[in-house]
Structures are given as structure tokens and as C-alpha cells.
Amino acid sequence: MQTDQAIARSFSPVIYCDDHEPFLPVCAGWSVLAATAPAPSFQREIEVTPPVARVIEYAVWFDWDIGHLNELEQLWVYLDADDNLAGVEGSWHGFYRSFNEGGMTAALEDGHPVAYAKPGKHALVADPAVLDDSRAECERDCGPLAGRGGVQVTHLTLGRIEKTPEADALARAYLQQRRFAPAWRFTRRVALTGDRLMPWETLAPEIPRRVNDWIARLRAGAA
């Protein structure tokens with residue numbers, strides 16, 4: 001059985017983004033779970049029961065979502081005892097979905113799971129067809145509603161990032177300038193390998209620092 005780091009690199013995801021997407025994935029933090037436990041970066045429990053032997057959680061970091069400053073999405077890769085792929089799940093607006101529902105299955109590129117990011121909002125799915133029913137809503141989010149969330153605060157960043165009316169207004173103004181119409185073509189490929197991939201314990205403390213740095217840059221007019 002490979003080490004946790006080796007297995008995380010072996011299955012690091014490839015993410016395809018919309019041709020007009022302004023905010024590509026920056027990096028991902030990995031965690032490997034060999035027993036049922038709370039997800040390190042998401043509010044859910046990860047079940048590790050046979051035939052699943054371990055689960056890799058990839059916390060995919062985006063500096064921006066079209067609706068707010070900072071975004072973390074997740075992919076969960078399920079492996080059997082022989083390190084064969086046993087399933088994939090992707091986060092979806094605070095929830096999660098299996099890549100095997102509706103007759104779909106996770107595509108692979110040289111053994112790496114492939115996901116498609118919802119334009120602007122970055123929910124991760126197995127096939128862009130999953131997004132068809134939410135196109136109108138997504139186009140509103142990417143257009144007139146851009147920036148409505150201001151600075152996002154989650155259970156991971158509560159009390160650790162600046163969330164003030166001024167910071168919210170700065171984030172909204174920045175995102176309104178970047179509103180866009182999705183192309184609904186997904187050819188922008190991001191492979192989360194090399195320096196883009198790190199242990200979750202390395203990425204986690206960088207998140208509030210990175211968000212606060214963005215707020216400082218917005219305030220100084222340097223973003």
C-alpha cells in the first residue's frame with residue numbers, strides 16, 4: 001500500500017472550468033482517512049467501510065467565487081484495499097453529490113479523476129450535463145447577482161478573517177467588475193499536481209491569511 005502522500009498524488013484531480021471562468025482553482029489540500037471520521041475541511045462524516053479501505057479528501061481552494069471572496073470545494077476519492085478507485089463525490093453548494101448517480105461515472109485521465117466546475121460557483125460534478133437544470137440560476141449569479149455574498153465566513157474561518165461592512169462592499173465591487181456570461185464550454189484544464197497539491201495541514205492556516213491579504217489589497221486599490 002502506498003504512503004498517504006504518494007496515494008494523494010496518484011489520484012490528484014483534474015478540473016475543467018468554463019471558457020469564460022475568471023477564477024480558476026489555486027491549489028488543493030489533501031487528507032487521507034483510513035477509518036470513519038469527520039471530514040477535515042467539510043461538515044460531514046466520511047465513512048470508511050468495506051470494500052472502501054481509505055478515502056482521499058481534496059480541499060480545492062479558489063481565491064474567489066463569483067458571489068463572494070474565498071471558496072473551498074471538495075472532492076472525495078474512495079479506494080479499495082488494492083488502491084483501485086471505488087467512487088468519487090464532489091461538493092455542491094454546502095452539500096455533496098456522487099459522481100456515479102444518474103448512470104454517470106467518474107472519468108479518468110491517466111488514472112486521475114476528472115471534475116467539471118460550475119461556472120463562477122465551482123460546484124464539482126462528473127459531467128457538465130449535470131449543470132443543465134441550473135443554467136438560468138447560474139447565469140444570474142455570474143451576472144447581476146455577482147458579489148452579493150461579500151466576504152464569506154465558514155466554520156473554518158470564523159473569527160479569523162475580516163468580515164465588516166467595508167470589506168463586504170469592497171468584495172462586492174470587485175466581483176461586480178468581473179461579472180460574466182458563462183460559455184458553457186469547459187476546456188480550461190487545471191491539474192492539481194506539483195506545487196498546487198499539499199497536505200491539508202499546510203493549506204488550512206494559509207486560508208485566513210490569504211483572505212485577509214485580499215481585503216488589504218482591495219482597500220489599497222492594489223487588486
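Let me begin by describing the structure that accompanies this report. Quantities reported herein were computed from a predicted structural model and do not represent experimental measurements.

1. Let's talk about the overall build of the protein
Phase 1: Across its full length, the protein carries five helices and 14 strands.
Phase 2: In terms of overall size, the protein behaves like a compact globule, its C-alpha atoms giving a radius of gyration of 17 Å where 223 residues would be expected to give roughly 17 Å.
Phase 3: Its C-alpha atoms give the protein principal-axis dimensions of roughly 50 × 35 × 30 Å.
Phase 4: Considering the protein as a whole, with its 223 residues, one finds that 51% of them fall into the buried category.
Phase 5: Excluding contacts between residues fewer than 6 apart, the proportion of contacts in the protein whose partners are at least 24 apart in sequence is 68%.
Phase 6: With an accessible surface of roughly 10000 Å², the protein has 50% of that area assigned to carbon and sulfur atoms.

2. Side note on the packing of aromatic side chains
Phase 1: By the definition in use, this model includes 10 aromatic pairs.
Phase 2: Residues Trp 64 and Trp 214 carry aromatic rings whose centres are separated by 5.3 Å and whose planes lie at 80° to one another, so their mutual orientation is edge-to-face. Residue Trp 64 is located in strand S5 (residues 52–65), and its partner Trp 214 is located in helix H5 (residues 206–220); the two are separated by 150 residues in the primary sequence.
Phase 3: Taking the centre distance of 6.1 Å and the plane angle of 90° together, the rings of Tyr 116 and Phe 186 count as edge-to-face. Within this pair, whereas Tyr 116 is found in strand S10 (residues 112–117), its partner Phe 186 is found in the loop between helix H3 (165–176) and strand S13 (188–191), the two being separated by 70 residues in sequence. Of the two residues, Tyr 116 and Phe 186, both sit in the buried class.
Phase 4: Through a chain of ring-to-ring contacts, the aromatic side chains of Tyr 16, Tyr 116, Trp 184 and Phe 186 assemble into a single cluster.
Phase 5: Just above the ring of Tyr 96 sits the side chain of Arg 44; from NZ or CZ to the centre is 3.5 Å.
Phase 6: Note that Arg 97 overlies the ring of Trp 92, its terminal NZ or CZ placed 4.5 Å from the centroid.

3. What to know about H5
Phase 1: Taking 1.5 Å per residue, 15 residues should reach 21 Å; H5 reaches 21 Å between its end C-alpha atoms and fits that length.
Phase 2: Regarding H5, the residues found buried are Ile 207, Pro 208, Val 211, Trp 214, Ile 215 and Leu 218. The buried residues of H5 occupy an angular sector of 125° when projected down its axis, which confines them to one face.
Phase 3: Looking at the buried side of H5, the elements it contacts are S5, strand S6 (68–80), strand S12 (150–151), H3 and helix H4 (200–203).
Phase 4: Within two residues after H5, Gly 221 carries a phi angle of roughly 70°, on the positive side.

4. Overview of the environment of Pro 38
Phase 1: Residue position: Pro 38 is located in strand S3 (residues 37–38).
Phase 2: Looking at Pro 38, the relative accessible area reads 60%, which means it is exposed.
Phase 3: Setting aside residues up to four positions removed in sequence, Pro 38 forms contacts with Leu 33, Arg 44 and Glu 45.

5. So, the pattern of salt bridges
Phase 1: Enumeration over the complete set of coordinates arrives at 14 salt bridges.
Phase 2: The salt bridge involving Arg 210 is made with Asp 63; its shortest N-O contact spans 2.5 Å. Placement of Arg 210 in helix H5 and of Asp 63 in strand S5 is noted, with a sequence separation of 147 residues between them.
Phase 3: The class for Arg 210 is partly exposed, based on a relative accessible area of 37%.
Phase 4: On the basis of relative accessibility, which here comes to 11%, the residue Asp 63 falls in the buried class.
Phase 5: As a salt-bridge pair, Lys 163 and Asp 168 come within 2.9 Å of each other at their nearest N and O atoms.
Phase 6: Relative accessible area serves as the criterion here: at 41%, Lys 163 is assigned to the partly exposed category.
Phase 7: Residue class for Asp 168 comes out buried when judged on its relative accessible area of 12%.

Conventions adopted
Residues numbered from 1 in each chain as written. Predicted model: local features only at pLDDT ≥ 70, side-chain atom pairs only at ≥ 80, totals over all residues. Heavy atoms only, no water. Helix = DSSP H or I, 4+ residues; strand = E, 2+ residues; numbered from the N terminus. Rg over C-alpha atoms; globule rule 2.2 N^0.38 Å. Buried < 20%, exposed > 50% of the residue type's maximum accessible area, 1.4 Å probe, protein only. Contact = heavy atoms within 4.5 Å. Areas by Shrake-Rupley, 256 points an atom, 1.4 Å probe, with all protein chains shown as cover. Phe/Tyr/Trp six-rings, centres within 6.5 Å; stacked < 30°, edge-to-face > 60°. Lys NZ or Arg CZ within 6 Å of the ring centre and 35° of its normal. Expected span 1.5 Å × (residues − 1). Arc of directions from axis to C-beta. Salt bridge = Lys/Arg side-chain N within 4 Å of Asp/Glu carboxyl O.

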